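A structural walkthrough
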Number of protein chains: 2
Amino acid sequence: LQTLAHAGQSWFVVSLVGIAIGVNAAVISIATEWLSDIKMGYCSDGWWLNQQFCCWEIEGTDEDTCEAWHQWSEVMPARWAIYVLFAAAFSFIAAHLVKSLAKYAAGSGISEIKCIIAGFVMKGFLGFWTFFIKSITLPLVIASGLSVGKEGPSVHVACCVGNIIASMFKDFSRSQVKMREILTASSAAGVAVAFGSPIGGVLFSIEEMSSVFSIKTMWRSFFCALVATVTLSAMNPYRSGKLVLFQVTYDRDWHFFEIMFFIILGIFGGLYGAFIVKFNLQVAALRKRYLKNHAIAEAVALATITAMIGWFNHFMRIDMTESMAILFRECDGASDYDHLCQTAYQWQMANSLFLATVVRLGLVVISYGCKVPAGIFVPSMAIGATFGRMVGIMVKAVNRAYPNSGIFAVCQPDVPCITPGTYALLGAAAALSGVMRLTVTVVVIMFELTGALTYILPTMIVLLVTKAVGDFLGTTGIADEMIRFNGYPFLEKDDHAYNVPVSRVMRRDLKTLPVSGLTCKDLEEVLSRTNVKGFPIVSADSKNILMGFIDRTQLRYILEKAQNLQDVRPDTPVSFAPNAEDLEEAEFAGVAAAPAVGLDEETSLGLMESTATQDVLKLWPWVNQTPLTVSPQLPLEIAMQLFKRMGPRIILVEGQGALVGLLTVKDVLRFTMLEQHQVQYSPWSGED
Amino acid sequence: LQTLAHAGQSWFVVSLVGIAIGVNAAVISIATEWLSDIKMGYCSDGWWLNQQFCCWEIEGTDEDTCEAWHQWSEVMPARWAIYVLFAAAFSFIAAHLVKSLAKYAAGSGISEIKCIIAGFVMKGFLGFWTFFIKSITLPLVIASGLSVGKEGPSVHVACCVGNIIASMFKDFSRSQVKMREILTASSAAGVAVAFGSPIGGVLFSIEEMSSVFSIKTMWRSFFCALVATVTLSAMNPYRSGKLVLFQVTYDRDWHFFEIMFFIILGIFGGLYGAFIVKFNLQVAALRKRYLKNHAIAEAVALATITAMIGWFNHFMRIDMTESMAILFRECDGASDYDHLCQTAYQWQMANSLFLATVVRLGLVVISYGCKVPAGIFVPSMAIGATFGRMVGIMVKAVNRAYPNSGIFAVCQPDVPCITPGTYALLGAAAALSGVMRLTVTVVVIMFELTGALTYILPTMIVLLVTKAVGDFLGTTGIADEMIRFNGYPFLEKDDHAYNVPVSRVMRRDLKTLPVSGLTCKDLEEVLSRTNVKGFPIVSADSKNILMGFIDRTQLRYILEKAQNLQDVRPDTPVSFAPNAEDLEEAEFAGVAAAPAVGLDEETSLGLMESTATQDVLKLWPWVNQTPLTVSPQLPLEIAMQLFKRMGPRIILVEGQGALVGLLTVKDVLRFTMLEQHQVQYSPWSGED
């Protein structure tokens, strides 16, 4: 029955998290749209209406026919000035809020969440203030027109929601494993609501986020993403009844000869990824050195520049999402934005698209990483889309000029053969995949965004090329690069060949505790003298036989609690090992000899009362009596696999029965860095 | 450079496997279609043409207008008899071939491949004959009209192809890990070509097949599925230019009130899964007991019954895939199969669909598992589709009868509100998910099959309900149940709570080898006396200190090779431990102290020549000096996680420096079975 209640609670918590994420996403969407429109004009029927709702009654979509909507000014330069001013104001507010209230709200947050899910602890990164400030500033940043996206931050916000809600439940707040599951599920929901792509979200959580994959986690992610998406869809923020951002239907199929153009797009994606990763890291280094105290000024400057330049390009003036929707569209019927489909304008359009690609590329390099919420998904896709559409237009022009040449032989006469919109779609996929180094996720997301079923194979081909180019250039995903840049302890998923045994890397000067013979006072002293995260327990004789391991937090917690019990005095001896009758009793109580890390507080206290007697304070229920151990000759690769797949914080090294060392992820990372830089001092300060 | 060559070889092998799978799938498709049509008639222009190609020139699809195509007879009873006769003949040939040439070609093969990927060895299961016979008999079985699908067998055939091709390359044939990767990738390609769903295949390989998930495996699967699908699409067996089996476009969106009907479909899926798993296992038990020697008669009888009954139902006479394509379709325009869309016939249709559901259900229960290639994907989907369409028709009828009642309030008048085709789609998804216990994979497959983008959320909701019902009823997927039924050693993915330490389960009576003091003759004797799979190496004194582990195969291999070297005589002493200079030399040669399991044959022989001297035969390069060890108090759960996540064959148990036991997956399974049955003898015979 209790198991059932626990299972029920899990479902309840995940549902709650999903609903909260959905509601939050809807609010953010509405706010973003209103703020974006207010840059251009206002609604005389009510200031709270955005352009779409203001002109809801009017059938024609042409903005000039809608009387209730007023442009700020009729004069062109004034409109430009107001546009730029709003952009600057929005970015100022956002940067100021972030700087003064929640530093962690800056950036995309995906790298940090990857580390947190892998077991790294960052206090406050998923706290309420981060959530609140990031939710408020995200619409401002997007509306300011900066070349940043909302998808990364939306994952971060979702994880904050998951963390905040799950922390309210004891089952979760006490269990690191469950908390990581919730965070993984939240990240799936975050992507799901950002793109309206629930399955893409699940795959994102598998491919990018989770370090250990399990069917249970996948199922949680599925459920959380579903609840969040249904909530969002029920709130219907776009009033279109659609979740899908840019639904397209391509009537025409692709031809095999087009693969050679698709390969160009794939190569572009790979190069784009390598370019962004390389230069964005350089900008990040410069920012860290020179602009540390000018974060607000930097954001405002960037927004101003972006708005000033962007105004003059058809595809940069409007929202990135909107421009993608236009670029993906097929060229038939009435849907012609700004002569995009007209043959007479084709070179002008190609030129305009090329400019948009290059300028946006530069802006992304300098904007991503500035101290406001900033994602890189949508900007990458926008760049890929402009480039792809440009290629598409050029291929179409060639086709029109030489309709009878060899490669176009399969085209039927009088039927359009090339669909430039599909090139934009594939370009967007390539750029996204190039910068994130995701494959399956990107296919599913593109597919869920557009419904272009017939284009699954071309998408896969393009991503294959992108991946090959990326591998050739040795690019890693921008999230992983950011982790490395910031020096977070994170193990890459790829296995690295070290060719050294564990003994070369392990720490040898250990703070151990003998299994008996210490008093409470001794323990207090040890705790205050050192700051290691835990203590191996060894036999009291000189043989150094490993008996167990106790966490520092556990030890401190139990000592503090013990002081409130009257029987315990500073000179009460402590014992870490259970004796036979203890074990019997424990088995009866269902505790077994396993570590007590997951115990409830009540059980914990009850246990202590029974273990704390006048004679001796028994600490064995809090000792992990079976820590993971390896032999010193074990190749480091295997130890790394143990860390990655089993997820322990420490691995103890035991040689012929005696404890000889201790290994943590940080030790391995330190070793790797030393190897790489060939320097002889450690860049890591302090004990971990 | 060598790394590059190795990487290149991997790509090359995976491409080759993908192409072969694609070609094979195309051939199977063409053969299946021809055989299906030959049951009804023949083409006078050429016997090798199927109905579609025979009537290629004629525009109208009505079969009566095509003159070249002749029905076998004009008289109805004769047509029926010929139809039944063909079905019986096909099933006879298939069953006979399977029985006489390749026993392993029977069944779906998914359970067995799961075990093989998890590390179980089944000789011949992925061999050439299995491949060849399964490829030949599969079209026969499908054409015979048995209620079995081609998707499971197609995965098996794909894995055979992967195994056969990869075995030709040394890098793969020597490395179990690489072989498993190839098999996982092949299974992805198998699903991809069977459904025309590349991403669904990748997810299938993640969700169902792989025991250890890694990004690299996922990427291999992606690539292999892509190559296979492109190959298939280039061969274009359907001549439609489409990969997608039943592309549909639903113009109308779903309404929130429909969720309550979707929930009915979800419940049906869960019940269906539980029903099939329960009764199919009972049938399997009966088959094992009574029908062991009547496999051919059984298959023929089943095919005859299926054909005799099926003829009289609109939805069972035609191919299951074809019937699904009809059921999924929206009701507008000309696409009206047999009055399916006409209001006047709605009750007749509902009745017919209900009958089809029930009869097919019975047929699947008795047919799945008979000794011909037989999958359960498509039959499940077909049952779900008939049931779903029935529900859809009924809901539509209710809507038409009470257009103004509460729940239909959101429907606009004069516009069709309910789309029965979508119910069929959701029903198919529910049934598939219910029987396989897959979630994300099913969503993606349904989505790739139909392109019904707007129906992602309903599909997810339906699968959620199906999963909840299945969990409530305690159903496990049919593949896992089959594994349990057949007694294969396989660890379920769900963690099981054992509440016992490793010491309760481990084997204590070990055959160990002392590190020194034995001669070649002694070793030969030990090998012939025991049949254990490997030997722990312990110190020569009485302390029993663990020094390493050597595989039986390695030991036998090296002893055999050593006999050909002149320096080695039967009384040459052997040594399992390296001394200091050996290690130095080895490090120089790049072998390090790691196990030599992955060494090339050449290096291996070279090594031996240097290690085999007059004085002593040094075996240390073949000893795994760092086997995975745990302490006897370790909870069994953790040991199981080690097995699952790290994938070793054995785990040694070491207490306070001395070897005390050995644990294999079989030991754990034996323990679980003993626990369950409370019997005191072991159902496992012999050593593993």
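Please read these numbers as outputs of a predicted model, since none were measured by experiment. (Residues numbered from 1 in each chain as written. Chains lettered and ligands numbered in written order. Predicted model: local features only at pLDDT ≥ 70, side-chain atom pairs only at ≥ 80, totals over all residues. Heavy atoms only, no water.)

Regarding the overall build of chain A
Keep this limit in mind: Here a strand is any run of E in DSSP of at least two residues, a helix any run of H or I of at least four, and the numbering for each starts at the N terminus. Any residue under 20% of the maximum accessible area for its type is buried, any over 50% is exposed, and the rest in between are partly exposed; the area is computed with a 1.4 Å probe on protein chains only. We call two residues in contact when some of their heavy atoms are within 4.5 Å. All accessible areas in this document rest on Shrake-Rupley with a 1.4 Å probe, and a residue is counted as covered only by the protein chains that are shown.
What chain A contains, in helices and strands, is 27 helices and eleven strands. Going through the 688 residues of chain A one by one, you find that 58% of them count as buried. The long-range fraction of contacts in chain A, counting pairs at least 24 apart against all pairs at least 6 apart in sequence, stands at 77%. Accessible area for chain A stands at about 28,700 Å²; split by element, carbon and sulfur atoms hold 59% of it.

Details of the sheet that holds strand β3 (residues 513-514) of chain A
Residues and elements named next belong to chain A. To keep it simple, the criterion reads: We treat two strands as partners when DSSP finds at least two bridges between them.
Read from one edge of the open sheet, three strands run β3-β5-β6, paired in mixed fashion. Edge strands, defined here as strands with exactly one partner in the open sheet, are β3 and β6 (546-551). Pairing of β3 with strand β5 (residues 534-538), which is carried by two bridges, proceeds in the parallel orientation. Of the residues in β5, the one forming a bridge with L513 is I537.

Digging into the environment of B:S197
Residues and elements named next belong to chain B. Among the structural elements, S197 can be located in the loop between α8 (176-195) and α9 (198-209). As a C-alpha pair, S197 and T229 span 32 residues in sequence and 8.0 Å in three-dimensional space. Setting aside anything within four residues of it in sequence, one finds S197 in contact with A192, I445 and E448.

Describing empty space enclosed by the protein
All names here are of chain B. Our working rule: Throughout, the protein atoms alone are placed on a 1 Å grid, and a set of points is a cavity if a 1.4 Å probe fits but cannot get out or a pocket if it is open with protein on both sides within 12 Å along at least five of seven lines; lining residues have an atom within 4 Å of a point. Grid points are joined across faces, edges and corners, and a volume is the space filled by probe spheres set on the points. Residue classes follow a fixed rule: Ala, Val, Leu, Ile, Met, Phe, Trp, Tyr, Cys and Pro count as nonpolar, while Asp, Glu, Lys and Arg count as charged, and any other residue, Gly among them, counts as polar.
Counted as a void, the largest cavity has a volume near 120 Å³. Taken together, I21, N24, A25, I28, S29, L138, K150, S154, V157, A158, V193 and A194 make up the lining of the largest cavity. Every element with two or more residues in the lining of the largest cavity is listed here: α1 (2-38), α6 (151-167) and α8. Looking at the lining of the largest cavity element by element, the count peaks at five residues for α1. Of the residues belonging to the lining of the largest cavity, the class tally is eight nonpolar, three polar and one charged.

Considerations on the sheet that holds strand β9 (residues 629-630) of chain A
Strand order in this open sheet of three strands is β9-β10-β11 (chain A), and the pairing throughout is mixed. The sheet is open, and its two edges are formed by β9 and β11 (658-664) of chain A, each paired on a single side.

Some words on the packing of α8(B) against helix α10 (residues 215-235) of chain B
Any two packed helices are characterised by the angle at which their axes cross and by the distance between the axes. Residue and element names in this part refer to chain B. This is how it is decided: Lines fitted to C-alpha atoms define the axes here, with helix axes fitted over just the stretch in contact, and angles between the N-to-C directions of these axes take values from 0 to 180 degrees. An angle below 35 degrees is read as roughly parallel, one above 145 as roughly antiparallel, one from 65 to 115 as roughly perpendicular, and any other as oblique. In a left-handed crossing the near helix is turned counterclockwise from the far helix by less than a right angle, and in a right-handed crossing that turn is clockwise.
Close contact between α8 and α10 brings their axes to 8 Å; oriented N to C, the two are set at 40°. Judged by the angle between their axes, α8 and α10 are oblique. The handedness of the crossing between α8 and α10 comes out as right-handed. Residues E181, T184, A185, S186, A188, A189, A192 and V193 of α8 form the contact with α10, whose participating residues are K216, T217, R220, S221, C224, A225, A228, T229 and L232.

Remarks on helix α3 (residues 76-101) of chain A
Test applied: Expected span of a helix, by definition, is 1.5 Å for each gap between consecutive residues, and there is one gap fewer than residues.
For α3(A), spanning 26 residues, the distance from its first C-alpha to its last is 38 Å, which sits close to the expected 38 Å at 1.5 Å a residue. Along α3(A), the residues classified as buried are A:Y83, A:V84, A:A87, A:A88, A:F90, A:S91, A:A94, A:A95 and A:V98.

Some details on the relation of the copies chain A and chain B
Short version of the rule: Overlaid copies result from least-squares superposition on C-alpha atoms, with residues included only where pLDDT is at least 70 in both.
Mapping chain A onto chain B is achieved by rotating through 180° and translating by 0.0 Å along the same axis, at an RMSD of 0.1 Å. Here the copies are linked by what is in effect a two-fold axis. By C-alpha distance to the rotation axis, the residue of chain A lying nearest is A:G657, at 1.8 Å. Comparing interface residues between copies, 100% of those in chain A also sit at the interface in chain B, which points to an isologous, same-surface contact.

Observations concerning the nonpolar core
The criterion, for reference: Only buried Ala, Val, Leu, Ile, Met, Phe, Trp, Tyr and Cys residues count toward a nonpolar core, and they belong to the same one when joined by side-chain atoms within 4.5 Å.
Residues A:F328 and B:F328 are the most contacted members of the largest nonpolar core, which totals 270 residues. Counting residues in hydrophobic clusters, the runner-up holds 40 residues, among them A:V502, A:L669, B:V630 and B:V665.

Observations regarding the packing of helix α17 (residues 420-436) of chain B against helix α19 (residues 456-473) of chain B
Residue and element names in this part refer to chain B. Two numbers describe how α17 lies on α19: the axes approach to 9 Å, and their chain directions differ by 35°. Of the two elements, α17 crosses α19, and the hand of that crossing is right-handed. Contact with α17, carried on its side by L426, A429, A430, S433 and G434, involves P458, T459, V462, L463 and T466 of α19 and no other residues of that element. Its residues assigned to classes, the contact of α17 with α19 comprises six nonpolar, four polar and no charged.

Let's talk about the side chain of B:T441
Residues and elements named next belong to chain B. Applied cut-off: Pairs of N or O atoms within 3.5 Å make up the polar contacts considered here, provided that, within protein, one atom can donate a hydrogen while the other can accept it, and that residues adjacent in sequence are counted only when both atoms are side-chain atoms.
Summarising the element assignment, T441 is placed in helix α18 (residues 440-450). Relative accessible area serves as the criterion here: at 0%, T441 is assigned to the buried category. For T441, the side chain forms a polar contact with the main-chain oxygen of L203, separated by 3.4 Å. With sequence-adjacent residues up to four places away left out, T441 is seen in contact with G200, L203, F204 and E207.

A short note on the packing of aromatic side chains
What counts is decided by this rule: Between 30 and 60 degrees the pair is tilted, below 30 it is stacked and above 60 it is edge-to-face, where a pair is any two Phe, Tyr or Trp rings, Trp via its six-membered ring, whose centres lie within 6.5 Å.
All chains considered together, the criterion is met by 42 aromatic pairs over all chains. Where A:F195 meets A:F377, the ring centres are 5.8 Å apart and the plane angle is 45°; that geometry is what we call tilted. Taken together, the residues span a long stretch of sequence, with A:F195 in helix α8 (residues 176-195) and A:F377 in helix α16 (residues 377-401) at a distance of 182 residues. Here A:F195 and A:F377 have matching classes, each one buried. Summarising the aromatic geometry, the rings of B:W11 and B:F223 are spaced 4.9 Å apart at their centres and angled 65° between planes, so their arrangement reads as edge-to-face. Of this pair, B:W11 sits in helix α1 while B:F223 sits in helix α10, and the two are 212 residues apart along the sequence.

Describing the pairing of strand β10 (residues 650-655) of chain B
Residues and elements named next belong to chain B. Among the six residues in β10, six count as buried, and that is most of the element. Pairing geometry for strand β9 (residues 629-630) and β10, over two bridges, is parallel. Directly across from V630, in β10, lies its bridge partner V653. By the bridge criterion, six bridges tie β10 to strand β11 (residues 658-664) in an arrangement that is antiparallel.

Re the interface of chain A and chain B
Our working definition: Buried area: the sum, over both parts, of the accessible surface (1.4 Å probe) that disappears when the two are put together. One speaks of a salt bridge when a side-chain nitrogen belonging to Lys or Arg is within 4 Å of a carboxyl oxygen belonging to Asp or Glu.
Contacts between the two partners involve 59 residues from chain A and, on the opposite side, 59 residues from chain B. The junction of chain A with chain B conceals about 5,500 Å² of combined surface from both sides, 82% of it contributed by carbon and sulfur atoms. The three residues of chain A that bury the most area against chain B are A:L453, A:M460 and A:M646, which together make up 11% of that side's buried surface. Across the chain A-chain B interface, the total number found is zero salt bridges. Each residue belonging to the side of chain A that touches chain B can be placed in one class, and the counts come to 37 nonpolar, 15 polar and seven charged.

Some remarks on helix α5 (residues 128-143) of chain B
All names here are of chain B. Here is the rule we go by: Values of bend correspond, residue by residue, to the angle between axes fitted over the seven residues ending at that residue and the seven starting there.
Taking 1.5 Å per residue as the helical rise, α5 with its 16 residues ought to reach 22 Å, and the 23 Å between its terminal C-alpha atoms agrees with that figure. At T137, α5 shows its strongest bend, of approximately 30°, with the proline P139 following within four residues. Along α5, twelve of the 16 residues are buried, which leaves the element largely enclosed by surrounding structure. Residues of α5 that are buried include every one of T130, F131, I133, K134, S135, T137, L138, P139, L140, V141, I142 and A143, and no others. Just past α5, the residue G145 takes up positive phi, approximately 85°.

Some details on the pattern of salt bridges
Residues and elements named next belong to chain A. Tallied over the full model, the rule gives 16 salt bridges over all chains. As a salt-bridge pair, R529 and E525 come within 3.7 Å of each other at their nearest N and O atoms. Of this pair, R529 and E525 both sit in helix α22 (residues 520-529), separated by four residues, roughly a single helical turn. Connected through salt bridges with shared partners, the residues K114, E208 and D480 form a single ionic network.

Some words on the environment of A:I263
Residue and element names in this part refer to chain A. With respect to the helices and strands, the residue I263 is situated in helix α11 (residues 259-290). By relative accessible area, I263 is classed as partly exposed at 34%. I263 sits 198 residues away from I461 along the chain, and the two C-alpha atoms are 7.6 Å apart.

Side note on the environment of B:L361
All names here are of chain B. Take L361: it is sitting in helix α15 (residues 346-367). Taking the C-alpha atoms as reference, L361 lies 8.5 Å from P379; in sequence the two are 18 residues apart. Each residue touching L361, except ones within four places of it in the same chain, is listed here: Y272, F275, I276 and I383.

A closer look at the confidence of the model for chain A
One rule of thumb: low pLDDT means the predicted coordinates there are not for detailed reading. Residue and element names in this part refer to chain A. Short version of the rule: Every residue carries a pLDDT, the predictor's confidence in it, which falls somewhere between 0 and 100.
Averaged over chain A, the pLDDT score is 79; the fraction of residues at 70 or greater is 85%. Ranking the helices and strands of chain A by mean pLDDT puts helix α17 (residues 420-436) first, with 92, and helix α25 (residues 601-611) last, with 51. Overall, residues 587-603 carries pLDDT values under 50, and its contacts beyond four positions in sequence, including any with other chains, amount to 22 contacts. Long-range and interchain partners of residues 678-688, a stretch whose pLDDT sits below 50, account for 18 contacts in this model, where long-range means more than four residues apart.

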